[in-house]
Amino acid sequence: MSKVCVVLMTAPDEQCAATIAKAVVSEGLVACGNIIPRIRSIYRWKGDVCDDPEVLVLFKTTEAAFDSLKNRLVELHPYDCPEVIALDVANGHADYLGWVVDQIQ
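Overview of the structure. Keep in mind it's a predicted model, so treat the numbers as computed, not measured. (Residues numbered from 1 in each chain as written. Predicted model: local features only at pLDDT ≥ 70, side-chain atom pairs only at ≥ 80, totals over all residues. Heavy atoms only, no water.)

### Some thoughts on the pattern of salt bridges
Phase 1 of the analysis: Evaluation of the coordinates by the stated rule reveals 4 salt bridges.
Phase 2 of the analysis: The partner of Asp51 in a salt bridge is Arg40, and the shortest N-O contact between them spans 2.5 Å. Highlighted residues: Asp51 in strand S3 (residues 48–62) and Arg40 in strand S2 (residues 32–45), separated in sequence by 11 residues.
Phase 3 of the analysis: When the shortest N-O distance is used, the salt bridge between Asp67 and Lys70 registers 3.8 Å. (Salt bridge = Lys/Arg side-chain N within 4 Å of Asp/Glu carboxyl O. Helix = DSSP H or I, 4+ residues; strand = E, 2+ residues; numbered from the N terminus.)

What follows is the structure, encoded as structure tokens:
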């Protein structure tokens, strides 16, 4: 079975996150995306410390699909340098992990 990973992406608001999530689910790049509203991001950008509201999206996909997903997220995203980070899934419910793999085209 393909290795499953979770991909983190932040977005400026829920509408943007939902638009991106619907696109990559429809395109078969991810099995699902969970949108977590109202996070606060503090980061350095172009020499300034920024403090902004954002939303976090957790995508479930496979390692094999990650590069295509990463490229598509960067293409769809309004940020100059969007967060796209993959985390390996060490273990999980076999039926769920199998479902994730089955959804990726």
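### Section: the side chain of Thr61
Phase 1 of the analysis: Secondary-structure assignment places Thr61 in strand S3.
Phase 2 of the analysis: Classification of Thr61 as buried rests on a relative accessible area of 0%.
Phase 3 of the analysis: Of note is the side chain of Thr61, whose polar atom sits 2.6 Å from the backbone oxygen of Leu29.
Phase 4 of the analysis: In this view, Thr61 contacts Lys3, Val4, Cys5, Val7, Leu29, Val30, Leu69, Val100 and Ile104; residues no more than four positions away in its chain are not counted. (Buried < 20%, exposed > 50% of the residue type's maximum accessible area, 1.4 Å probe, protein only. Polar contact = N/O pair within 3.5 Å; in protein donor to acceptor, adjacent residues only side chain to side chain. Contact = heavy atoms within 4.5 Å.)

### A few points about the nonpolar core
Phase 1 of the analysis: Of all hydrophobic cores here, the largest spans 18 residues; its most connected members are Val7, Met9, Val24, Phe59, Leu69 and Leu73.
Phase 2 of the analysis: Per-element accounting of this core gives the leading share, 5 residues, to helix H1 (residues 14–26).
Phase 3 of the analysis: Sequence-distant contacts of Met9, defined by excluding residues within four places in its chain, comprise Ile20, Val55, Leu56, Val57, Phe59, Leu73, His77 and Glu83.
Phase 4 of the analysis: Among the nonpolar cores identified, the runner-up in size contains 6 residues, and Val4, Val89, Leu97 and Val100 belong to it. (Core = buried A, V, L, I, M, F, W, Y, C linked by side-chain atoms within 4.5 Å.)

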